[in-house]
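# Secondary and tertiary structure notes
If you want the building blocks of each chain, they are given just below.
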Amino acid sequence: MLQRTSYLTTNYDKPECWALSLYESTGGYTQAKRVLTSMTKEQVIDEAKKANVRGRGGAGFPMGLKWSFMRPHATKPSYLVLNADEGEPGTHKDRTIMELNPHSVVEGCIIACFAIGAHVAYIYVRDELHLSKARLWGAIEEAKKKGYIGLAPFGVDYEVQVHVHTGAGAYICGEETALLNSLEGKRGEPRLKPPFPAQVGAFGCPTTVNNLETIAIVPTVMALGGEAFSKLSGLHAFNDGGVRLYGVNGHVKTPGVIELACGPTLNELIFDVGGGVLGDRKILCAIPGGSSTPILLPSETINAPDPAHPMHAFHGKSVFDVPLGVDTARHMGTMLGTCCVTVLAEGTCPVLAMHNLMQFYRHESCGQCTPCREGGSWLLRTVDRILDGHGTMEDVNNLSDIASNMMGNTICAFGEGTAMPALGFIGKFREHFEAYVRGERRRADARLTVA
Amino acid sequence: MPTFKLDDREITFNPGETIIAAARTAGQEIPHYCWHPGLSVAANCRMCLVEIEPAPGQRAMMLDVLDWDATLGDYVPRRKPKLQPSCQIVVTEGMVVRSNSSPHVTEARKSVQEFLLLNHPVDCPICDQAGECKLQDYWMEHGQFGKRMHDEPVHKPKAVEFGPTIVYDAERCVMCTRCIRFMDEVAKDPVLEMRERGNLNEIMVAPGRELTGHYTFMVDHVCPVGALTTKDFRFKSRVWFLKTHDSICQGCATGCNTHLDVDPRENSAYRLRPRENMAVNKFWMCDEGMMTYRATSEGRTVDHLVSGQVVTSDTALKEVQARFGGTPPNEIGILLSSQASLEDNWALLELARTHIGTKHVFFTGAANGYADDILIHADKNSNRNGVKLLAPHAKDLHELIQSVAGGVVTRLIVLANDADDAAVAAKLAGRLDTTIYLSSASNPFVSEGRGIVFPICGWAEASGTYINQHGTAQVAKKALEPRGSARPGWEVISKIAAALGFTTGWTKLKEVRGKLPVTMSTTVAE
């Protein structure tokens, strides 16, 4: 059952919903004030841990745990950095928060800064999101005027400054260490880890990098209390707590973003939120959370006959009928990612879909390390040849080889982000690739749209 | 010392060392392109990936990949361990590392090698790096496969002039960033950077700049492939025709350890390269130093001259007898050279003190010049400390000129190799009745044509010892056969001694070296 909630989205459909007055009329900034005036940072981190907020950026790392890694440095300041470089194909959730509820971000920044001992928060916004930046700047201005951020927020001697930093339109800058390099004015290339940002982050100082949605939900966590927040989720038992934004796009009738308690199934998202597949076609496959997550087919089922297996309750069920969470998705052989589901309808071409994604990854690879720089481009050129009808069976065989050799051999997760969808498409749709090689299909007939 | 296990070997390491560095010290190379022991870690080539056994109680991180099984007609899922870059991972006690013994590592190396060659032009026949190229070496070791990509490779700028000394070929480049890091970290001039993304990446010089300075040649030497070449060596020789000899740079008092590459077929030098010595020059050298190889062939003195006329060795020696015979010993002076080897200086000093019996010992050398705090020393003499050690009370040039002007010294035996020395000697030449001049280089004194000139071997033609700024005695080995009539200075001095009626008792290098007041392990205080 879908459980709609309205914490982040409560004002989404109201006029001028981004204004401070509206935000405050629904309890805005009361949590920041309460935290700063009556709580210790340990108490805040404790609540954050209890809330089981899994990072909303795709990796699903527990937010409270990440905050607890921050140790004050003897001479250096600490920083909070928000990753709003939302650029993954099929992902469009953070943008709605920035545009429609920017004050939740600012309030979240105040609380998170306090929790990790930072006085400055940088919001790294993807360059193309001009409205998002304008709304954030507006919100920061309003909050400053009211004295909610600045030298002494709410009269408390704990300075909090929030800055918006514009990216330059590179997908790789969504990788947290590439983001930090970009923030520092350097070339947007991922750094070697360790050291992790909590030790050496922005400008060489201890830094927490959180997804923007992760921080935006923080005021809700504090308002409800960590445990109560976590229990809103259908996956509380999987330590995957609370509510989050889900998105549906692709070949569905009503694409969009919706706030739900964690744990809807793919079928619920596609049919209840998305209104079903365009032209009432069958589902070819779904990308569960952004283009880097391996595709799922409706015919796939959960195989967990062992009663001790955490997924045993779903044994034999279609993966489209299993609650979608960070850990459950992992057991399905994919990733939850940003949980913006992209649906491909039957009749569209998975080879063309893979070609589309590979174009993206080839274009966005920073080129720092060998397997990603060369492998991504090789994948694209191979698929391109296959689509053009010049491919051979050797080319088809090469695809899984190239992707397998990129897997895990790169500096950052971009390599896996390219290899995983490639392996997904070639592993699950090989016969489509072979059809092009055998000349049974032509590129001119391939479609990615439902007429 | 703590140990770790690499394949089947137990290897000791210094705490804080990376796997690749510890393995290198132990004599086991882990293949790599981007790692350089003198530069920061980039970990971008991914050639040095190794498998590290998880610590007890921890599970290895596994990755899901697919293999196509042609007989099954289906994909077979496979799990492989996540490999780690050995240039980045710091060794810990008891760590178990698999390099050559892991099939996953073998597979990864082969694939990295394949990725790197994907868009490489494979223009080895016209590439200067061929024969000393990591891409070639590792392809023989880890590749030996045919090309699987049949598309046109990516084309990028070729023969880009980075500056007056360096040419860049972006198609050959493997983007290891060693050149960028060298200019940034060692040369302290971050003039190189990378532009574009993905496989369109290329190295560039900062806008408005050229690759200039005193360390531009080094970018060629840190480049593991043929992307960066020096204009000086470009298209001059194939490296397999060259024979490498250990030498010492004569450019300044730093005494950088070098490799001198010579073509034995034509007895000429082609290149001077840095040789690793952590105590002296680490892995580096300056441009000026590397260009000194030219002095082995250019501007040489190769004939005996008497009053400007080319003569035989015998004639020259007879002239010595004629002009020096009967001179009171105390009227003879000798001029030592801060640029000549310890052997030559010692021989001349021995002749003066033991045989002739004069106390007029002077020394000279090149004037001070440019210095930095990287390698280049202001003292442009390779052996000033050597002369100081042999003759601590030798008088300087000013006193020599006074002695000559006052008629105290009427005969002079001069050892000099450098034009600066020669200019000094030229000043004196007009005032001296007779001078014996031992030189490897042509200079104003030689052309003045007043004295007796004996051509001697330059630093590349005879083994010689030089004491650098820190008092370290180092040997430049013989790399070339002497040109023309040149012979080692100490040998010529022995003959001059004989002409003057003395028997020196040395005829071999070993005999001279055995009498030197230093051994190669000697460090002499400055």
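The present account deals with the structure reproduced in this document.

## A short note on the overall build of chain A
Looking only at helices and strands, chain A has 18 helices and eight strands in total. The globule rule puts the C-alpha radius of gyration for 451 residues at 22 Å, and the 22 Å found for chain A is close to it. For chain A, the proportion of its 451 residues judged to be buried stands at 64%. Counting contacts in chain A only where the partners sit at least 6 residues apart, residues at least 24 apart contribute 70% of the total. Looking at chain A as shown, the accessible area adds up to about 16,000 Å², and 53% of this sits on carbon and sulfur atoms. When the 42 basic and 46 acidic side-chain charges of chain A are each reduced to a single mean position, those positions are 1 Å apart.

## Some remarks on the environment of Leu349 of chain B
All names here are of chain B. Summarising the element assignment, Leu349 is placed in helix α8 (residues 342-356). Once the C-alpha coordinates of Leu349 and His221 are considered, the two residues, 128 residues apart in sequence, prove to be 40 Å apart. Among all residues touching Leu349, those that are not within four sequence positions of it are Ile334, Leu336, Val361, Leu390 and Ala391.

## A short note on the packing of aromatic side chains
Taken as a whole and judged by the stated rule, the model has 24 aromatic pairs over all chains. Considering the side-chain rings of Tyr29 of chain A and Tyr148 of chain A, the 4.6 Å spacing of their centres and the 40° angle between planes classify their relative orientation as tilted. You can see Tyr29 of chain A sitting in the loop between α1 (20-25) and α2 (30-38) and its partner Tyr148 of chain A sitting in the loop between α7 (130-146) and β3 (161-166), a full 119 residues away along the chain. Accessibility assignment for this pair places Tyr29 of chain A and Tyr148 of chain A in one class, buried. When the ring of Tyr79 of chain A is compared with that of Tyr122 of chain A, the centres are 5.7 Å apart and the planes differ by 50°; the resulting orientation is tilted. Of this pair, Tyr79 of chain A sits in strand β1 (residues 79-84) while Tyr122 of chain A sits in strand β2 (residues 120-125); the two residues are 43 residues apart in sequence, bridging distant segments of the chain. Owing to a relative accessible area of 13%, Tyr79 of chain A belongs among the buried residues under this scheme. With a relative accessible area of 17%, Tyr122 of chain A lands in the buried category. Chaining the aromatic ring pairs together yields one cluster made of Tyr23, Tyr29, Tyr148 and Phe154 of chain A. Of note, Arg430 of chain A hangs over the ring of Trp68 of chain B, and the distance from its end group to the ring centre comes to 3.3 Å. Arg271 of chain B extends its terminal NZ or CZ atom over the ring of Phe233 of chain B, reaching a point 4.4 Å from the ring centre.

## Considering a nonpolar patch on the surface
Together, Phe61, Leu65 and Phe69 of chain A make up an exposed nonpolar region whose accessible area comes to about 250 Å². Counting through the fold element by element, Leu65 of chain A comes out in helix α4 (residues 63-68).

## A word on the pattern of salt bridges
Under the defined criterion, the tally for this structure stands at 58 salt bridges over all chains. A salt bridge links Glu189 of chain A to Arg187 of chain A; the nearest nitrogen and oxygen atoms lie 2.8 Å apart. Relative accessible area serves as the criterion here: at 15%, Glu189 of chain A is assigned to the buried category. Notably, a salt bridge pairs Lys158 of chain B with Asp169 of chain B, separated by 2.9 Å at the nearest N-O pair.

## Considering the sheet that holds β2 of chain A
Residues and elements named next belong to chain A. Strand order across the open sheet formed by four strands is β3-β2-β1-β4, with parallel pairing between neighbours. Across the chains shown, the open sheet's two edge strands, defined by having one partner strand only, are β3 and β4 (207-211). Shown here is a sheet whose adjacent strand axes are inclined to one another by a mean of 20°, direction ignored. As defined by bridge partners, β1 adjoins β4 across five bridges and the pair is classed as parallel. Within β4, the residue paired with Tyr79 across the bridge is Thr207. Of the strands in this sheet, β2 and β3 are in contact with α7, which crosses β3 at around 165°.

## Considering the pairing of strand β7 (residues 283-287) of chain A
All names here are of chain A. Among the five residues of β7, five are classified as buried, and the element is accordingly described as predominantly covered. In this sheet, strand β8 (residues 340-345) lies alongside β7 in antiparallel orientation, the contact comprising four bridges. Bridging from a neighbouring strand, Cys285 pairs with Leu344 of β8.

## Some remarks on the side chain of Asn201 of chain B
If you trace the backbone, Asn201 of chain B turns up in the loop between β10 (192-195) and β11 (202-205). At 3.2 Å, the side chain of Asn201 of chain B forms a polar contact with the side chain of Arg187 of chain A. A polar atom in the side chain of Asn201 of chain B sits 3.3 Å from the backbone nitrogen of Arg197 of chain B. Every residue in contact with Asn201 of chain B, bar those within four places of it in the chain, is listed here: Arg187, Cys366, Gly367, Gln368 and Arg373 of chain A together with Lys156, Met175, Met194, Arg195 and Glu196 of chain B.

## Things to note about the interface of chain B and chain A
Contact with chain B, which involves 44 residues of that partner, is made by 45 residues of chain A. Here chain B meets chain A over a buried area of about 3,700 Å², counting both sides, of which 49% is carbon and sulfur. Interface area lost by chain B to chain A is led by Phe115, Arg148 and Arg197 of chain B, which between them contribute 21%. Taken together, chain B and chain A are joined by three salt bridges. Where chain B packs against chain A, one counts 28 residue pairs in polar contact (both at pLDDT 80 or more). Where the side of chain B that touches chain A is concerned, the elements lending two or more residues are β4 (62-69), β5 (74-81), α2 (103-118) and β10 of chain B. Take the side of chain B that touches chain A: its biggest share by element is eight residues, from α2 of chain B. Looking at the side of chain B that touches chain A residue by residue, the class counts come to 23 nonpolar, eight polar and 13 charged.

Criteria and cut-off values
- Residues numbered from 1 in each chain as written.
- Chains lettered and ligands numbered in written order.
- Predicted model: local features only at pLDDT ≥ 70, side-chain atom pairs only at ≥ 80, totals over all residues.
- Heavy atoms only, no water.
- Helix = DSSP H or I, 4+ residues; strand = E, 2+ residues; numbered from the N terminus.
- Rg over C-alpha atoms; globule rule 2.2 N^0.38 Å.
- Buried < 20%, exposed > 50% of the residue type's maximum accessible area, 1.4 Å probe, protein only.
- Contact = heavy atoms within 4.5 Å.
- Areas by Shrake-Rupley, 256 points an atom, 1.4 Å probe, with all protein chains shown as cover.
- Lys, Arg positive; Asp, Glu negative; His and termini not counted.
- Charge placed at Lys NZ, Arg CZ, Asp CG, Glu CD.
- Phe/Tyr/Trp six-rings, centres within 6.5 Å; stacked < 30°, edge-to-face > 60°.
- Lys NZ or Arg CZ within 6 Å of the ring centre and 35° of its normal.
- Patch = residues over 30% accessible without salt bridge, like charges linked within 9 Å, V, L, I, M, F, W, Y side chains within 5 Å.
- Salt bridge = Lys/Arg side-chain N within 4 Å of Asp/Glu carboxyl O.
- Pairing = 2+ DSSP bridges.
- Axes fitted to C-alpha atoms, helices over the stretch in contact; angles between N-to-C directions.
- Polar contact = N/O pair within 3.5 Å; in protein donor to acceptor, adjacent residues only side chain to side chain.
- Buried area = accessible area lost by both parts, 1.4 Å probe.
- Nonpolar A, V, L, I, M, F, W, Y, C, P; charged D, E, K, R; others polar.

Read these as geometric descriptors, not functional statements.
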